[in-house]
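Residue-level listing of the chains:
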Amino acid sequence: MEIKGKLIIIGGAVDKGSFTENDIDVNASKNINFFETGILKRILNESKQKENSRIEIVTTASKIPKIIGPEYVKAWDYLGAKNVGVLYLEKREQASDPETLERVKNADVVMFTGGDQLRLTSILGGTPFHDLLLEKYHNEDFIYAGTSAGAAAASNSMIYQGSSSEALLKGEVKITSGLGFIDGVIIDTHFVQRGRIGRLFQAVVGNPKVLGIGLGEDTGLLITNGKEMEAIGSGLVILVDGREVKDTNLTQVELGQPISISHLVTHVMSKYDTFDLKTYKMEIQSSQYAEDLGIPTD
């Protein structure tokens, strides 16, 4: 079945101005300075009614929702969005509230902030709020956008814990169910900056059918039709394809022991590059072989 909605997943630190997200809890007001060339502007341009789209910010993953929420409203206002609100959902019963559900029904974009993805899924998973989001994503011109925890929770399988430095020791990466907006992938965020490639390697070798997606900061993917991915933002997207793994010691070693993997394929995407989840074909926008491939160049 064709998916009518769009998925925009972001690796965190989407501001890329004078500040980064290294100390977001302390300097939240400085850490959300979104500029017109950035990812938020792209979300606005992709939305159904552009500047007039109804945008709801969900702060459930954050421990400081009353700080983060208003900062996102300011950021959207800076970009010209005229109809933005914040949904403070901190308990499961709030996700069944008729007023909340009515706001979601009227939303063109719902954006999930960073924080703790396990908090996000444990509070919202399986609620009428969650069901309504899935229905809108499949059947309407609707955008689910998530940064950091909001991105990690978007897939069926979700990494919720795991040391970056010890991620290639068996058992160090913890995986549970996500919100289920996209199948066949597993997503990790703050990927390059926090050295999380080992986490993704272990997640993929445990089930090589799943494509690992590592999102750098100020970097994201726009996913349309549930399969067509375009890199957006200023950094890198790392894809880990385990379908051609030839060998591993994963089932032979004890918990806490190093994992070996032979022939794990990786791709690196940057802005405007595309990847098809059905064919696993990647196209580099500024390929050095563009003329040979018949790709138009500017």
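Placed above this text is the structure.
Predicted, not measured: the structure shown is a model, and the values here were computed from it.

A.B. asks: Hey, could you run me through the overall build of the protein chain in this one?
C.D. replies: Assigned secondary structure in the protein chain consists of nine helices and 17 strands. Out of the 298 residues in the protein chain, the part that is buried amounts to 51%. Carbon and sulfur atoms make up 46% of the accessible area of the protein chain, which totals about 13,800 Å².

A.B. asks: Sorry if this is basic, but what is going on with the sheet that holds strand E10 (residues 219–224) here?
C.D. replies: Pairing between the strands of a sheet comes from backbone hydrogen bonds, and it takes one of two forms, parallel or antiparallel. Strand order across the open sheet formed by nine strands is E3-E2-E4-E5-E1-E10-E11-E16-E17, with mixed pairing between neighbours. What marks the edges here is a single partner per strand, and that holds for strand E3 (84–87) and strand E17 (281–283). On average, each strand axis in the sheet is inclined to that of its neighbour by 20°, with strand direction left out of account. Alignment of strand E1 (residues 6–10) against strand E5 (residues 143–147), held across five bridges, turns out to be parallel. From the neighbouring strand, Ile 9 faces E5, where its bridge partner is Gly 146. The strands that helix H6 (residues 128–139) touches are E1, strand E2 (55–58), E3 and strand E4 (109–112); relative to E4, the one it contacts most, it runs at about 125°.

A.B. asks: Could you clarify how one ought to interpret the nonpolar core in this entry?
C.D. replies: One recurring pattern in soluble globular proteins: nonpolar side chains tend to sit buried together. Counting residues in hydrophobic clusters, the biggest one holds 46 residues, and the most contacted among them are Phe 129, Ile 213 and Leu 221. Looking at this core element by element, the count peaks at five residues for H6. Excluding residues that lie within four positions of it along the chain, Phe 129 makes contacts with Val 58, Leu 87, Leu 89, Ala 95, Thr 100, Leu 101, Val 104, Phe 112 and Leu 124. Ile 10, Ile 39, Ile 64 and Ile 143 belong to the second-largest nonpolar core, a separate cluster that totals 22 residues.

A.B. asks: In this structure, what is going on with the pattern of salt bridges? I would like to understand it.
C.D. replies: Between side chains of opposite charge, pairing is possible as soon as their charged atoms come close. Counted by the stated rule, this structure contains 11 salt bridges. With its nearest N and O atoms 2.7 Å apart, the salt bridge here joins Glu 46 to Lys 6. One end of the pair, Glu 46, is in helix H2 (residues 39–46); the other, Lys 6, is in strand E1, with 40 residues separating them in the sequence. For the residue pair Glu 46 and Lys 6, the accessibility class agrees, reading buried in each case. When the shortest N-O distance is used, the salt bridge between Arg 54 and Glu 56 registers 2.9 Å. Accessibility assignment for this pair places Arg 54 and Glu 56 in one class, buried.

Cut-offs and rules
Residues numbered from 1 in each chain as written. Predicted model: local features only at pLDDT ≥ 70, side-chain atom pairs only at ≥ 80, totals over all residues. Heavy atoms only, no water. Helix = DSSP H or I, 4+ residues; strand = E, 2+ residues; numbered from the N terminus. Buried < 20%, exposed > 50% of the residue type's maximum accessible area, 1.4 Å probe, protein only. Areas by Shrake-Rupley, 256 points an atom, 1.4 Å probe, with all protein chains shown as cover. Pairing = 2+ DSSP bridges. Axes fitted to C-alpha atoms, helices over the stretch in contact; angles between N-to-C directions. Contact = heavy atoms within 4.5 Å. Core = buried A, V, L, I, M, F, W, Y, C linked by side-chain atoms within 4.5 Å. Salt bridge = Lys/Arg side-chain N within 4 Å of Asp/Glu carboxyl O.

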